[in-house]
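# Structural description and commentary
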Amino acid sequence: MFASRCLIRSAASAGAYARSSGLSVARKTASRGFASEASSFEGIGFSLTEEQRELQDLARKFTEKEITPNAAHHDRTGEYPTEILKKAWEVGLMNLHIPAECGGMGLGVLDCAIVTEEMAYGCTGIQTAAEANGLAQAPVIIAGNDFQKKKYLGRMTEEPLMCAYGVTEPGAGSDVAGLQTRAVKKGDKWVINGSKMWITNGGKANWYFVLARTDDKAGTGKAFTGFIVDGNTPGITVGKKELNMGQRASDTRGLTFEDVVVPEENVLGEVGAGFKIAMGAFDITRPLVAAGAVGLARRALDEAAKYSLERKTMGRPIADHQAVAFMLADMAIGVEASRNLVWKAAWLRDQGKRNTYWASIAKAYASEVANKNAADAVQIFGGNGFNTEYPVEKLMRDAKIFMIYEGTSQIQRLVISRGVLDMAKAGAVY
């Protein structure tokens, strides 16, 4: 059993919560739990391992008990879900990427996608707050040395801390090459000056991954360096919490760096390798953003299907009307297709294969399905769908950001089209 293989990080708190909630506790598993490794036959398989099914069940029950009932409150108030995230950490649903040698569970991208979909079903704002840790941790997992991993990833397994990925700037989102934040070497230290914007967990982070320009003359591939910056470093100013259209539980802020001194030991990878590291993180995190979109799309479908059986017009449930029934069918097609794309992109990464192309396909398609399903759910609810007493208007507001953050739908199409053309030039069979 998944729970029986796990080592408890905080036995007292985790055990107490598990007993009171009826949930199993996940901590550390010796099995990576990929479907491909669980089968003795060769070929395509879509079944989850026993460990993955238990992880899915844990995440689903946690969402049902802790996230869904509280989603409206956090959407209405914008309050950060500190207590929910603490409970998620206690039962082992946070920081799933962290390697076992750093005290983590060392789970794969597919495992994380399973959890992400379940949590996003309850509230994508709360799920985004949790998964932002994974985005910040990804560069450290990819390029960090043993000292950096144990220091910054290890602490995430010892208490429920948050971290943040600091790349986007007021004038540079999709155009990463336009970043203006700079780091200058002075003696054995680096001094960072500049501003970041739209940083998830910006006001809650214990540490940041920061991408800064270190060579004005170099091309994009060698102009930037990644740094790990402690959140309490003098010179960091945290801006106001942004009041966004959706995902309001997430803490999104601007950051200003004024003569922020970072030791040489906090340079991530080699000087000049920051762009490659930052972009490499997306191969891990874009499938997970797409998994969040699948969770929202699935919630929209479920809410619309249930409502269509209850709401009557002309003496019949509206589900009996073909116009509504076909909308539900299209919503279901979108959920299933999106999930399969997510799982393929995640599986490829877990197998050590390059998944950039597939991660972009999954992210682009799932984000757009989420928006379509949310809009269709509002349409099926009719006037009630436009009212805050019903859950689908929140889904519609929450969905939009999936087409924007971690690379807009247009950027994904740029990546995808380049992949198609590269294959065509190579004479490959598509």
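Residues numbered from 1 in each chain as written. Predicted model: local features only at pLDDT ≥ 70, side-chain atom pairs only at ≥ 80, totals over all residues. Heavy atoms only, no water.

### What to know about the environment of lysine 276
Spelled out, the test is: Numbering of helices and strands runs from the N terminus; a helix is a DSSP stretch of H or I covering at least four residues, while a strand is a stretch of E covering at least two.
When you line up the elements, lysine 276 lands in helix α10 (residues 274-310). A C-alpha to C-alpha distance of 9.5 Å links lysine 276 and glycine 226, two positions 50 residues apart in sequence.

### Points about unusual backbone geometry
We note that aspartate 259 has phi near 50°; this positive angle belongs to a residue other than glycine. In the Ramachandran plot, methionine 314 falls in the positive-phi region, its phi being about 55° despite a non-glycine side chain. Note that methionine 314 resides in the loop between β9 (312-313) and β10 (316-317).

### So, the nonpolar core
Here is the rule we go by: Buried Ala, Val, Leu, Ile, Met, Phe, Trp, Tyr and Cys residues that are joined via side-chain atoms within 4.5 Å together make up what is termed a nonpolar core. Relative accessible area decides the class of each residue, using a 1.4 Å probe on protein chains only: under 20% of the type maximum gives buried, over 50% gives exposed, and in between gives partly exposed. Any two residues whose heavy atoms approach within 4.5 Å at even a single point are treated as in contact.
With 100 residues, the main nonpolar core has Leu93, Tyr165, Trp207, Leu211, Met331, Val342 and Ile380 as its most contacted residues. With near-sequence residues (within four places) excluded, isoleucine 380 lies in contact with Ala304, Tyr307, Ser308, Ile318, Val324, Met327, Leu328 and Met331. Counting 17 residues, the second-largest nonpolar core is a separate cluster that includes Ala164, Ala183, Val229 and Phe257.

### Focus: the pattern of salt bridges
What counts here: The working definition used for a salt bridge is a side-chain nitrogen of Lys or Arg within 4 Å of a carboxyl oxygen of Asp or Glu.
All chains considered together, the criterion is met by 21 salt bridges. The salt bridge involving lysine 185 is made with glutamate 264; its shortest N-O contact spans 3.3 Å. One end of the pair, lysine 185, is in strand β2 (residues 182-186); the other, glutamate 264, is in the loop between β7 (252-263) and β8 (267-268), with 79 residues separating them in the sequence. Residue aspartate 188 pairs with lysine 189 through a salt bridge whose shortest N-O separation is 3.5 Å. Judged by relative accessible area, which is 53%, aspartate 188 ranks as exposed.

### Quick notes on the packing of aromatic side chains
Put simply, the rule reads: Pairs were defined over the aromatic rings of Phe, Tyr and Trp, the Trp ring being its six-membered one, requiring ring centres within 6.5 Å. Orientation was assigned from the angle between planes: stacked under 30 degrees, edge-to-face over 60, tilted for the rest.
In the structure shown here, the tally under the stated rule is 9 aromatic pairs. Taking 4.0 Å as the distance between ring centres and 15° as the angle between the ring planes, the aromatic pair formed by tyrosine 307 and phenylalanine 381 counts as stacked. Of this pair, tyrosine 307 sits in helix α10 while phenylalanine 381 sits in helix α12 (residues 356-381), and the two are 74 residues apart along the sequence. Residue classification places tyrosine 307 among the buried positions, given a relative accessible area of 9%. Judged by its relative accessible area of 5%, phenylalanine 381 falls in the buried class. With 5.4 Å between their ring centres and 85° between their planes, tyrosine 357 and tryptophan 358 make a pair best called edge-to-face. Judged by relative accessible area, which is 25%, tryptophan 358 ranks as partly exposed.

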